[in-house]
Amino acid sequence: MTRSGADLALLLLGGFRALADAGSTELADRGYDKIRPIHDFALRSILAGADTTAELARELGISKQAVIKTVGFLEAEGYVAVEADERDGRRRLYSLTERGRGLLRTGEQVFNELRDAWAQRIGADQLEAVGDALADLGVRAPAHLDAAGWFSGSSAE
């Protein structure tokens, strides 16, 4: 059966959504019940060096107001520390706490387990072939974790 290009795009998006939803459910079962994909994206971006509101907004493709709300949640939950910039008191600098790093480690473990479950279902070779085929087509992990902004058309890329 030949799928249309649009159907293929939606299947790929559906695969991301299926993994993200299953990951959120599994994280909730492990005590991270309020965590959503945007929180993971924000933590990863902060860890990679997007440590101010403006940088994080650019990295995630969302408004500064949305960053402030997201970081506020992450700070209240103990995943992110927020400090004043010594050079400019108006700026806030973000960093991960040990709890935030622990969440990322748990998330990595969860997604490895989900990948393994898919491999059991369709076969490890088949799943590896899917990854290889996507790589051969030039598909790569995004440089920016800006899916929310990209969907709405507000992302830079």
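Just so it is clear, the structure is predicted and the values come from calculations on it, not from any experiment. (Residues numbered from 1 in each chain as written. Predicted model: local features only at pLDDT ≥ 70, side-chain atom pairs only at ≥ 80, totals over all residues. Heavy atoms only, no water.)

Attention now moves to the overall build of the protein. Each helix and strand in the protein was counted, giving 7 helices and 2 strands. By the burial criterion, 28% of the 157 residues in the protein qualify as buried. Nonlocal contacts in the protein, meaning residues at least 24 apart in sequence, comprise 55% of its contacts between residues at least 6 apart. Split by element, the accessible area of the protein, about 10300 Å² in all, is 54% carbon and sulfur. (Helix = DSSP H or I, 4+ residues; strand = E, 2+ residues; numbered from the N terminus. Buried < 20%, exposed > 50% of the residue type's maximum accessible area, 1.4 Å probe, protein only. Contact = heavy atoms within 4.5 Å. Areas by Shrake-Rupley, 256 points an atom, 1.4 Å probe, with all protein chains shown as cover.)

In this section: the confidence of the model for the protein. With 90% of its residues at a pLDDT of 70 or more, the protein has an overall mean of 89. Element-level mean pLDDT values for the protein span from 60 in helix α7 (residues 147-152) up to 97 in helix α5 (residues 98-122). (pLDDT = per-residue confidence, 0-100.)

Let us now look at the environment of Ser4. For Ser4, the position within the fold is in the segment before α1 (5-29). You can call Ser4 partly exposed: its relative accessible area is 35%.

This part is about the pattern of salt bridges. Scanning the entire structure with this criterion turns up 10 salt bridges. Put simply, Glu77 and Lys34 hold a salt bridge, and the shortest N to O gap is 3.5 Å. Placement of the pair is Glu77 in the loop between α4 (64-76) and β1 (80-84) and Lys34 in the loop between α1 and α2 (37-47), with a sequence separation of 43 residues. With a relative accessible area of 44%, Lys34 lands in the partly exposed category. Across the pair Arg115 and Asp116 runs a salt bridge, and its minimum N-O distance is 3.0 Å. Of the residues examined, Arg115 reaches a relative accessible area of 43% and is grouped as partly exposed. Shared partners join several salt bridges into a network, and the residues in it are Glu26, Arg30 and Glu113. (Salt bridge = Lys/Arg side-chain N within 4 Å of Asp/Glu carboxyl O.)

For the structure shown, the criterion picks out 1 aromatic pair. Judged by centre distance (6.3 Å) and plane angle (40°), the rings of Tyr32 and Tyr79 are tilted. Placement of the pair is Tyr32 in the loop between α1 and α2 and Tyr79 in the loop between α4 and β1, with a sequence separation of 47 residues. For the residue pair Tyr32 and Tyr79, the accessibility class agrees, reading buried in each case. (Phe/Tyr/Trp six-rings, centres within 6.5 Å; stacked < 30°, edge-to-face > 60°.)

With respect to the helices, strands and loops of the structure, Thr53 is situated in helix α3 (residues 53-60). On the accessibility criterion, Thr53 (16% relative accessible area) is buried. One polar contact links Thr53 to Tyr94, side chain to side chain, over a distance of 2.5 Å. Apart from the residues lying within four places of it in its own chain, the contact partners of Thr53 are Lys64, Val67, Ile68, Arg92 and Tyr94. (Polar contact = N/O pair within 3.5 Å; in protein donor to acceptor, adjacent residues only side chain to side chain.)

A word on the packing of α2 against α5. Running from N to C, α2 and α5 cross one another at 115°; their axes reach a closest spacing of 11 Å. α2 and α5 meet at a crossing whose hand is left-handed. Seen from α2, the contacting residues are Asp40, Leu43, Arg44 and Leu47; seen from α5, they are Gly100, Arg101, Leu103, Leu104 and Glu108. (Axes fitted to C-alpha atoms, helices over the stretch in contact; angles between N-to-C directions. Left-handed = near helix turned anticlockwise from the far one by under 90°.)

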